[in-house]
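Fold and geometry: a report
Listed here are the chains, written in short residue letters.
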Amino acid sequence: MRAVLTWRDKAEQCIYDLAFKPDGNQLILAAGNRLLVSFFPPPVLLKKGKGRKTSHYFLIEILLGKRFASGSADKSVIIWTSKLEGILKYTHNDSIQSVSYNPATHQLLASCSSNDFGLWSPEQKSVSKHKSSSKITCCSWTNDGQYLALGMFNGIISLRNKNGEEKVKIERPGGALSPIWSICWNPSSRWESFWMNRENEDAEEVIVNRYFQEIPSTLKSAVYSSQGSEAEEEEPEEEDDSLRDDNLEERNDILAVADWGQKLSFYQLSGKQIGKDRPLNFDPCCISYFTKGEYILLGGSDKQVSLFTKDGVRLGTVGEQNSWVWTCKVKPDSNYVVVGCQDGTISFYQLIFSTVHGLYKDRYAYRDSMTDVIVQHLITEQKVRIKCRELVKKIAIYKNRLAIQVPDKIIIYELYSDDSSDMRYRIKEKIVKKFECNLLVVCSDHIILCQEKRLQCLSFSGVKEREWQMESLIRYIKVIGGPPGREGLLVGLKNGQILKIFVDNLFAIVLLKQATAVRCLDMSASRKKLAVVDENDTCLVYDIHTKELLFQEPNANSVAWNTQCEDMLCFSGGGYLNIKASTFPVHQQKLQGFVVGYNGSKIFCLHAFSISAVEVPQSAPMYQYLERKMFREAYQIACLGVTDTDWRELAMEALEGFAWETAKKAFIRVRDLRYLELINSIEERKKQGETNNDLFLADVFAYQGKFHEAAKLYKRSGHENLALDMYTDLRMFEYAKDFLGSGDPKETKMLITKQADWARNINEPKAAVEMYISAGEHVKAIEISGDHGWIDMLIDIARKLDKAEREPLLMCAHYFKKLDNPGYAAETYLKIGDLKSLVQLHVETQHWDEAFALGEKHPEFKEDIYMPYAQWLAENDRFEEAQKAFHKAGRQGEAVRVLEQLSNNAVVENRFNDAAYYYWMLSMQCLNIAQDPAQKDTMLNKFHHFQHLAELYHCYHAIHRYTEEPFSSHRPETLFNISRFLLHSLTKDTPLGISKVQRTLFTLAKQSRALGAYKLARHAYDQLRGLYVPARFQKSIELDSLTIRSQPFHDNEELVPLCYRCSTNNPLLNNLGNVCINCRQPFVFSASSYEVLHLVEFYLEEGITDEEAVSLIDLEAPRHKRENKWQEITGNNSQTLRLDETMNSMGDDDPFTAKLSFEQGGSEFVPVVVNRSVLRSMSRREVLIKRWPPPLPWQYFRSFLPDASITMCPSCFQMFHSEDYELLVLQHTHCPYCRRHIDDPSR
């Protein structure tokens, strides 16, 4: 214990009394005839109360911080508010000696004068006064507020109830020669919390009863020596329940009495004295308890404040003063003490209680209540208390020794027995001498005292045997064991030097020297490694013999080696516990405190004033060792504590690594007799001279169930007979056949047949089947397998049979169908070539994919496949797929009828994208039927009609979504182009579901206005005004029709389409439709953005076939300057523009480009017709070909911007900008028009 003066002040007059508010933030002092108020922190005197003319002293009692009472020599008692305002005053017949508030009711005030005492409460109109036989000097209420103790000048103590009636009278020896000057009841934390939380008087009885039930029973004492020290085991005493409640009140209400006979005494509520009187050697003026009652403060004529235990054992001096100490109090719930003196001095001290403890392996000893020592067994959690009845200054523990230093001696204890769990200590020796030391260490026969740079070795008789003088301050010392009387010490110095000292050797051994100061040390169990924590919080591990630094880790404040494992240590720091095995990475877990020990799987950590044992996982380091095949080290880790699964894994790994001894120990742990027998057999074989590790490992694999690996090792080691025996025992005859050797086939077959019969007789049909198969008796094997439902066995037989063996194969197929396994039945039918049965099987089991694949290879079965398939699809409402199936089955009428119904339904349901797809499929269906000459013209007309409808619905899908949904994924330019395309295409009849007015013109008007085509927008709005418009568009159209008038009457030139044949700019509103107004060349549109593509369609000259044209274009002959000339031929019904390669012309070397320079003047369209020379001059990358199936001719298009890539779908022949097409295909995984999947090669 150490007292530190934190503040001191001096008043003008004597400090008679002082009191703290319960929260500790305010201190009220009675100084002469004034009240002083001090506030914390910092303690500063701020207020002064008014004085009294005839007063010489004040007595103060504070009530819950709301008010306080004072009494003085003018015979009056005043009740004050917290603001130092008096609110009530009453008087006695003589000077006031003491005042005290009832701690339970907070309403009852006891005031004592020289000849009487009064009890006041706010409910009473007058003060109830009671006469006293002697002068009352002091008073104090019990914890529960039921009794008031009065200390008198004649040495008598009177115990009164709340009504003032005397219940107990204590007459003390000495009488009037020992006047009572100060008394105080021991406070109870339980009573304190109870009364602070109490809300009403009605709950008092219930809560009091509950309090008594919760108090534990008394402790059982056991005296172990006659020298005065006792050891108590902390276990409940078995006592009668009827006596328990009678003694509880007395145990918790203990009265401390200080008299001017210079004695300190303790009494129970019954008046019985506890212990003997404690001599003080001074006249006490004040006595007070700490908040929790663990310590007592006493001050008086010795001009100092002394600290005592609750039993009256003096611990030390708090502070020495220059005059008598009249009052001293403890700040609530803290270790701060305020002292008031005769000369007006006010002193404020902080008491610092240091931790005094010692640890050796699993025993931890620490100081409790300053005078007791508790020894705790960290493994069994047993505790024993040793009462020293003096201040414990130092503690040291080692094996069966315990040393305790008290102020005037050192007491050495020993265990009663050598039992590791024994916790009974007895005194062995006493060294009656006062020692001053920083550290105390005990060994088997010696005491080591450390004083700064000096170490002294004393025998238990107190004789100094040796002394070591160090170069620097000693920072750490630890006993590392050794023979009795020859123990070794590990010493760390401030200069970084680390020494090893033997108590029987005068010379210290320098282990190593580092640059930084030592904070903590530990040596490994084998004394080969040293762990050091320096002042930089770094843990350094050295090899003691080579002085080499093995590794270092940061953030360490303490370190400990595992006492059971050489390569494991742990260190703490930074809020983490770090565990390191060998050179493996550190394993961390959160933990507060300091590591003080590491034993097996338990780590002992000290946090605050308590030590705890932490179980740490050992599996992780064990597997780290296993990865490096360090089996012995892994076994050592496992011994510290792992699961049975970890033990088995260790055993298996060691077994496969030929670490027989480790494997045996591990299998003993898991009690696996099978593997222990295997290891014993291997060891016996090794003793007989066998050294083939492959053979040993093969046995291990066989035991583990790895039979194939074992067989390979048997074969590699030349013991094929062992593999044969193994497979035979396991009845794996198929594998055993590989090891039969080169014997007679007939004998082998006969042997196998016999084995099969034997297996069948012992009711093992599987083994019999396998052996029948080996013997070639397939029919028997099939019968057994089919009857037992062994599909795997049947398919194995079927696959091994030759296709010529038709009867057993048909039997297999029959069983497969019976056992509902059509896949294997199909495989069997396919093997024997029975395709008709196979088709029937697929149709019956509805395995259509397999049936289709078979139909592709054998077209004669298509109708047998697709007709049932189409009917099945129609029954399951999959009409689209049913249409395709009807088509493939050759039922064109049914296919067209299904498609027409799907198309009509899609239009009615506003699924225009689906309608476009169905109409495209219809057109392709018609084109397919058109191959029939009888239906050619009709079907071609339908083809063109359905193609037109598909294109219209594909466009209208975007318009419909734009007008119906709040957001659109299309750009304004795309919507503008689509609406223009639709407007130009809807010159005749409008198809079902397409709204020219509501949606097309509305979209065109909106987008034209947004893109600056004001002239076209005005035209669209004018058209809309003359038509019936839905109410939801009416207001918007009327407003836009007015505001468009404010815009210029022209269109944005960037939107004007260009004809790539004649380079003519076409108006946005074209009465001719989607053709050039000059040359009548039809525009080619992108099927996604509907922009005009840079393509011009051309036709082949008569006599040139499509194959010849493609071959000419693929030639890509180099172009030469030719004199070509355009020739116009006008007939009766046609006008032809012809490029004649025989005619000369000046100009371009590209005949196709030269032709485009011609200005079209007629009103009819003149197509571009090319001959072989022009085809030969073209590049393949410039030409796109729509390769229509017959009877349609192919279409040819020439690109005028080859660098701007255009992609054509190979299925629907729609054109796209390449970037748009790739994006759409990535989004939908198919063509946006015909829905051809990117991975579908069939279309």
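Sequence order as written defines the numbering, with residues in each chain counted from 1. Owing to the predicted nature of the model, reporting of local features is limited to residues with pLDDT of at least 70; listing and counting of side-chain atom pairs is limited to 80 or more, with chain, interface and lining totals taken over all residues. In computing side-chain values, all of the structure's heavy atoms are included and hydrogens and water are not.

Brief notes about the overall build of the protein chain
Secondary structure assignment for the protein chain yields 33 helices and 64 strands. Type-normalised accessible area, obtained with a 1.4 Å probe on protein chains alone, sets the label of each residue: buried when under 20%, exposed when over 50%, and partly exposed for intermediate values. Relative to its 1243 residues, the protein chain shows a buried fraction of 51%. Considering only contacts in the protein chain between residues 6 or more positions apart, those separated by 24 or more positions represent 45%. Surface accessibility of the protein chain: about 59,900 Å² in total, with carbon and sulfur atoms responsible for 48%. Helix and strand labels come from DSSP, where a helix needs a run of H or I of at least four residues and a strand needs a run of E of at least two; each type is numbered from the N terminus. Contacts are assigned to residue pairs that have any heavy atoms within 4.5 Å of one another. In short, Shrake-Rupley with a 1.4 Å probe defines the accessible areas, and a residue's cover is counted only from the protein chains shown.

Describing unusual backbone geometry
Of note, the amide linkage connecting proline 1190 to proline 1191 takes the cis form, showing an omega dihedral of 15°. Checked against the element boundaries, proline 1191 lands in the loop between strand 61 (1183-1186) and strand 62 (1195-1199). Here glutamine 262, not a glycine, exhibits a phi torsion of approximately 60°, which is positive. Checked against the element boundaries, glutamine 262 lands in the loop between strand 20 (254-259) and strand 21 (263-268). Relative accessible area serves as the criterion here: at 29%, glutamine 262 is assigned to the partly exposed category. Even without a glycine there, the phi angle at serine 1063 is positive, about 60°. Position of serine 1063 among the secondary structure elements: in the loop between helix 29 (1031-1043) and strand 57 (1095-1100). Taking relative accessible area as the criterion, serine 1063 reaches 56% and is therefore assigned exposed.

Description of helix 10 (residues 707-716)
Of all the residues in helix 10, the buried ones are Ala710, Ala711, Leu713 and Tyr714. End-on view of helix 10: buried residues confined to an arc of 165°, all on one side of the axis. Residues of helix 10 that are exposed and angled more than 90 degrees away from the buried face: Lys712 and Arg716. Immediately beyond the C-terminal end of helix 10, within one or two residues, lies glycine 718, with a positive phi of roughly 80°. The arc refers to the directions leading from the helix axis to the C-beta atoms.

Re helix 6 (residues 644-656)
Helix span is expected to be 1.5 Å times the residue number reduced by one. Its 13 residues place the ends of helix 6 18 Å apart at the C-alpha level, agreeing with the 18 Å of an ideal helix rising 1.5 Å per residue. Looking at the buried residues of helix 6, the elements they touch are helix 4 (619-627), helix 5 (631-639), helix 7 (660-670), helix 8 (673-687) and helix 9 (693-704). Backbone geometry just after helix 6 places phenylalanine 658 at a positive phi near 60°.

Let's talk about the side chain of glutamate 414
Locating glutamate 414 in the fold gives a position in strand 36 (residues 409-415). Using a relative accessible area of 15% as the deciding quantity, one classes glutamate 414 as buried. Ignoring sequence-local partners within four residues, the contact set of glutamate 414 consists of Asn400, Arg401, Arg424, Tyr425, Arg426 and Lys428.

Some words on the side chain of serine 306
Note on placement: serine 306 falls in strand 25 (residues 304-309). Within the local environment of serine 306, its side chain forms a polar contact with the side chain of arginine 314, the two groups lying 3.3 Å apart. If we skip the residues at most four places from it in the chain, serine 306 touches Ile296, Leu297, Leu298, Arg314, Gly316, Thr317 and Val318. Identification of polar contacts relies on pairs of N or O atoms within 3.5 Å, with a donor-acceptor requirement for protein atoms, meaning one able to donate a hydrogen and the other able to accept it, and with residues adjacent in sequence counted only if both atoms are side-chain atoms.

Observations regarding the environment of aspartate 567
Relative to the helices and strands, aspartate 567 resides in the loop between strand 50 (558-561) and strand 51 (568-573). Discounting residues that sit within four places of it in the chain, aspartate 567 has contacts with Lys529, Trp561, Lys580, Ala581, Ser582, Tyr625 and Glu633.

With respect to the sheet that holds strand 23 (residues 284-289)
Pairing between the strands of a sheet comes from backbone hydrogen bonds, and it takes one of two forms, parallel or antiparallel. Read across the open sheet, the 4 strands follow the order 23-24-25-26; overall the sheet is antiparallel. Where the open sheet ends on each side, the last strands, each with one partner, are strand 23 and strand 26 (314-320). Here the strands of the sheet are splayed against their neighbours by 25° on average, with no regard to which way each runs. Sheet topology note: the strand 24 (residues 295-300)/strand 25 ladder contains 5 bridges and is antiparallel. Across the sheet, leucine 297 pairs through a bridge with leucine 307, a residue of strand 25. Following DSSP output, two strands are said to pair if at least two bridges run between them. To get an axis, fit a line to the C-alpha atoms, keeping to the stretch in contact for a helix; angles then go from 0 to 180 degrees between the N-to-C directions.

A look at the environment of valine 384
Within the secondary structure layout, valine 384 lies in strand 33 (residues 383-387). Using a relative accessible area of 0% as the deciding quantity, one classes valine 384 as buried.

Overview of the state of the cysteines
Throughout, a disulfide means two cysteine sulfur atoms within 2.5 Å of one another. Per the stated rule, a full pass over the model turns up 0 disulfides. In this structure cysteine 539 is not part of a disulfide, and its nearest cysteine sulfur, from cysteine 520, lies 8.6 Å away. Cysteine 605 provides the cysteine sulfur closest to cysteine 570, a residue in no disulfide bond, and the two sulfurs are 6.9 Å apart.

Quick word on the packing of aromatic side chains
Each pair of aromatic rings is reported with the distance of its centres and the angle of its planes. Here a pair means two rings of Phe, Tyr or Trp (six-membered ring of Trp) with centres within 6.5 Å. Their orientation is stacked below 30 degrees between planes, edge-to-face above 60, and tilted elsewhere. Taken as a whole and judged by the stated rule, the model has 28 aromatic pairs. Judged by centre distance (5.6 Å) and plane angle (70°), the ring pair of tyrosine 635 and tryptophan 647 falls under edge-to-face. Of this pair, tyrosine 635 sits in helix 5 while tryptophan 647 sits in helix 6, and the two are 12 residues apart along the sequence. Looking at tryptophan 647, the relative accessible area reads 4%, which means it is buried.

So, the nonpolar core
By size, the foremost hydrophobic cluster in this structure holds 60 residues, and its most contacted members are Tyr919, Trp920, Tyr953, Leu1095, Met1215 and Cys1231. Those elements that provide at least two residues to this core are helix 23 (892-908), helix 24 (912-929), helix 25 (936-964), helix 26 (972-985), strand 63 (1206-1208), strand 64 (1215-1217) and helix 33 (1218-1228). If near-sequence neighbours (up to four positions away) are discounted, tryptophan 920 is found in contact with Gln947, Ala950, Ser1211, Cys1212, Tyr1233 and Cys1234. Counting 59 residues, the second-largest nonpolar core is a separate cluster that includes Ala560, Tyr598, Phe631 and Leu650. Joining through side-chain atoms within 4.5 Å is the link that ties buried Ala, Val, Leu, Ile, Met, Phe, Trp, Tyr and Cys residues into a set, and such a set is a nonpolar core.

Concerning the pattern of salt bridges
The salt bridge criterion pairs a side-chain nitrogen of Lys or Arg with a carboxyl oxygen of Asp or Glu, the two atoms within 4 Å. Counted by the stated rule, this structure contains 37 salt bridges. Here lysine 263 makes a salt bridge to aspartate 259, at a shortest N to O gap of 3.8 Å. Its relative accessible area of 17% is what places lysine 263 among the buried residues. Take aspartate 259: its relative accessible area is 0%, and that puts it in the buried class. In this structure, the salt-bridge partner of glutamate 656 is lysine 706, at a minimum N-O distance of 3.5 Å. One end of the pair, glutamate 656, is in helix 6; the other, lysine 706, is in the loop between helix 9 and helix 10, and 50 residues separate them in sequence. Residues joined in a network through salt bridges with shared partners are Arg401, Glu414, Arg426 and Lys428.

Description of the confidence of the model for the protein chain
Averaged over the protein chain, the pLDDT score is 79; the fraction of residues at 70 or greater is 81%. Known as pLDDT, the predictor's confidence for each residue is given on a scale from 0 to 100. Low pLDDT, under 50, characterises residues 50-56; the stretch is placed with 19 contacts to residues that sit more than four places away or in other chains. Considering only residues more than four positions removed or in separate chains, one finds that residues 189-250, a stretch of pLDDT under 50, has 87 contacts.

As for the sheet that holds strand 54 (residues 594-599)
Here 3 strands make up an open sheet; going across it, the order is 54-55-56 and the pairing antiparallel. Every other strand in the sheet has two partners, leaving strand 54 and strand 56 (610-615) as the edge strands with one partner each. Shown here is a sheet whose adjacent strand axes are inclined to one another by a mean of 25°, direction ignored. Taken together, the 6 bridges between strand 55 (residues 602-607) and strand 56 define a ladder with antiparallel strand orientation. By the bridge assignment for strand 56, histidine 607 is matched with serine 610.

Structural notes on the pairing of strand 20
Within strand 20, 6 of the 6 residues are buried, leaving the element largely enclosed by the surrounding structure. In this sheet, strand 20 lies alongside strand 18 (residues 180-185) in antiparallel orientation, the contact comprising 5 bridges. Bridging from a neighbouring strand, isoleucine 183 pairs with valine 257 of strand 20. Relative to strand 21, strand 20 is paired through 6 bridges, and the arrangement is antiparallel. The residue bridging aspartate 259 from the neighbouring strand is lysine 263, located in strand 21. The hairpin turn running from strand 20 into strand 21, its antiparallel successor, is 3 residues long, and glutamine 262 in that turn takes a positive phi close to 60°.

Overview of the environment of tyrosine 1021
Tracing the chain through its elements places tyrosine 1021 in helix 28 (residues 1014-1025). Accessibility expressed as a relative area gives 1% for tyrosine 1021, which makes it buried. Sequence-wise, tyrosine 1021 and leucine 1004 are 17 residues apart; in three dimensions their C-alpha atoms are separated by 9.2 Å. Those residues in contact with tyrosine 1021, other than ones at most four positions away along the chain, are Ala1005, Lys1006, Arg1009, Ile1037, Asp1040, Ser1041 and Ile1044.

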